[in-house]
Amino acid sequence: MTSEDTEVTVRCAGEGPRMANMTELWRKNPFNNPFQSKEVNPSRNFACASAGGDYSCEFGSSKYYALCAFGGILSCGLTHTAVVPLDLVKCRMQVDPAKYNGIIQGFRVSVKDDGFRSLAKGWAPTFLGYSMQGLFKFGFYEVFKIMYSNALGEEYSYMYRTSLYLAASASAEFFADIALAPMEAVKVRLQTQPGFGKTLREGFPKILKDEGVAGFYKGLVPLWMRQIPYTMMKFAAFERTVEFLYKYVVPVPRDTLTKDKQLVVTFTAGYIAGVFCAVVSHPADSVVSKLNSNKGSTALQIAKMLGWKGMWKGLVARILMVGTLTGLQWFIYDSVKVYFRMPRPPPPEMPESLKRKLAEKEAASSAH
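Okay, so let's go over this structure. No experiment lies behind these values; they were computed from the predicted model shown. (Residues numbered from 1 in each chain as written. Predicted model: local features only at pLDDT ≥ 70, side-chain atom pairs only at ≥ 80, totals over all residues. Heavy atoms only, no water.)

Now for empty space enclosed by the protein. Tallied over the entire structure, the rule returns three cavities of 30 Å³ or more. Taken as a whole, the largest cavity spans an internal volume of roughly 150 Å³. Of all the elements in the fold, those that place two or more residues in the lining of the largest cavity are α4 (84-95), α6 (123-152), α8 (161-192), α11 (220-249) and α14 (315-339). When residues in the lining of the largest cavity are grouped by element, the largest group, four residues, is from α14. Tallied by class, residues from the lining of the largest cavity come to six nonpolar, three polar and seven charged. (1 Å grid on protein atoms, 1.4 Å probe; cavity = no way out; pocket = protein on both sides within 12 Å on 5 of 7 lines; lining within 4 Å. Points joined across faces, edges and corners; volume = space filled by probe spheres on them. Helix = DSSP H or I, 4+ residues; strand = E, 2+ residues; numbered from the N terminus. Nonpolar A, V, L, I, M, F, W, Y, C, P; charged D, E, K, R; others polar.)

Put into structure tokens, the structure is as follows:
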């Protein structure tokens, strides 16, 4: 019987999930006082590389969240900036598929028209925007995961752990995209609109002057449509893939592996999750790219213009980009946790109380 099956065969203590009362939830809420340590359930943390027994901070403390946010800044900011050339070609394939018909041709045309240096166009808004996104994405994911786990309790947190990962990552990405949207708007226009500008210093004031603050957020809704499913898949698939790898593929307990080998598992799980992420979010990504390069258009108009087939243009390039990018992001994020000696419990296991209930139910069934 799998953990997911327990939701229909086992009932936790009482008539349903025992939600903490409002006073208790408020006291445990990480948003209540970020400078005070909270009571948290350590079994709900990431299942990644172990940093050893001497921890530099308490799990769920303000320092823990701050280091997670810092890891998010590095993992997202550096990786997205590193793949700017591929991202530039991908965006141009989505906006003008007739001219940029394929990855190789896209690179050739881009270099022929503007030179090799043009492949780095948009690196500054990419670095700033995705650094801010990483701060909220990873930092708030930890916050929401702990908060939702406290609300559910240990048994339900385990039984519904996939749903917990999905809810926490969706909540975090909602705020992360608000931070990302202005720089994403500048980046796409620099890369896809001839004559718009060459640098962030040219592009940012131009949007502000022509369209006001609203110009930076006109792509926010399709950005949510792209990034929230992407992030839900990114975190849930990663968490469950790590769990699967340590349970069925890696032949020895995680704690017996060196940090280097643990980080290889992290990268592998991240890459697998990234492939799923690219497929899930690609149609919305095509709409965002086209929307930011077409003044006055709405997301619905762009979707109709592209059509179902057109929204899948550039998918191969995006799988290559996102798979590598996601694997590297998890590798960097986990390396930050190892370097700063942050607490990292092992992959989740069924709570003893739930094991006893299953045993009691099985015994009762056998007796009949």
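What follows continues from the structure just given.
Taken as a whole, the largest pocket holds about 580 Å³ of empty space. Contributing to the lining of the largest pocket are 26 residues, with R92, D114, S118, K121 and L190 lying nearest its centre. Going through the elements one at a time, α4, α6, α8 and α9 (200-211) are the ones with two or more residues in the lining of the largest pocket. Among the residues making up the lining of the largest pocket, the classes are represented as 10 nonpolar, eight polar and eight charged.

Here the focus is the pattern of salt bridges. Should the charged atoms of two oppositely charged side chains come close, the side chains can pair. Tallied over the full model, the rule gives 14 salt bridges. Notably, a salt bridge pairs D113 with K99, separated by 3.0 Å at the nearest N-O pair. Of this pair, D113 sits in helix α5 (residues 103-114) while K99 sits in the loop between α4 and α5, and the two are 14 residues apart along the sequence. Judged by its relative accessible area of 40%, D113 is partly exposed. Residue K99 is classed as partly exposed on the basis of its relative accessible area, which comes to 35%. (Salt bridge = Lys/Arg side-chain N within 4 Å of Asp/Glu carboxyl O. Buried < 20%, exposed > 50% of the residue type's maximum accessible area, 1.4 Å probe, protein only.)

Another point: the nonpolar core. With 31 residues, the main nonpolar core has Y64, F138, Y141, F238, Y246, W330 and M342 as its most contacted residues. At the level of elements, α3 (62-82), α6, α8, α11, α12 (259-292) and α14 are the ones that each hand at least two residues to this core. Sorting elements by how many residues they give to this core places α11 first, with seven residues. Counting residues in each nonpolar core, the second largest holds nine residues, with Y230, C277, A278 and V322 among its members. (Core = buried A, V, L, I, M, F, W, Y, C linked by side-chain atoms within 4.5 Å.)

Let us look at α14. If you check α14, its first and last C-alpha atoms are 35 Å apart, about what 25 residues at 1.5 Å a residue would give, namely 36 Å. Phi turns positive, to about 55°, at R341, one or two residues after α14. (Expected span 1.5 Å × (residues − 1).)

Bringing a nonpolar patch on the surface into the picture now. Side chains of F174, F175, I178, F204, L208, V213 and Y217 sit close together on the surface and give an oily, nonpolar patch of about 560 Å² of accessible area. The greatest single-element share of the nonpolar patch, amounting to three residues, is contributed by α8. A relative accessible area of 53% places V213 in the exposed class. (Patch = residues over 30% accessible without salt bridge, like charges linked within 9 Å, V, L, I, M, F, W, Y side chains within 5 Å. Areas by Shrake-Rupley, 256 points an atom, 1.4 Å probe, with all protein chains shown as cover.)

Moving on, we get to the packing of aromatic side chains. Aromatic rings considered in pairs are described by the distance between their centres and by the relative angle of their planes. Evaluated as defined, the whole model comprises 23 aromatic pairs. Where Y339 meets F340, the ring centres are 5.1 Å apart and the plane angle is 90°; that geometry is what we call edge-to-face. An aromatic cluster of at least three residues, connected via ring pairs, comprises F136, F140, F144, Y148, F174, F175 and W224. (Phe/Tyr/Trp six-rings, centres within 6.5 Å; stacked < 30°, edge-to-face > 60°.)

So, about the packing of α3 against α6. Geometrically, a packed helix pair is captured by the angle between its two axes and the distance between the axes. Contact geometry for α3 and α6: axes closest at 7 Å, N-to-C directions at 145°. In this structure, the crossing between α3 and α6 has a hand that is right-handed. Of the residues in the contact of α3 with α6, the class split is 14 nonpolar, 10 polar and two charged. (Axes fitted to C-alpha atoms, helices over the stretch in contact; angles between N-to-C directions. Left-handed = near helix turned anticlockwise from the far one by under 90°.)

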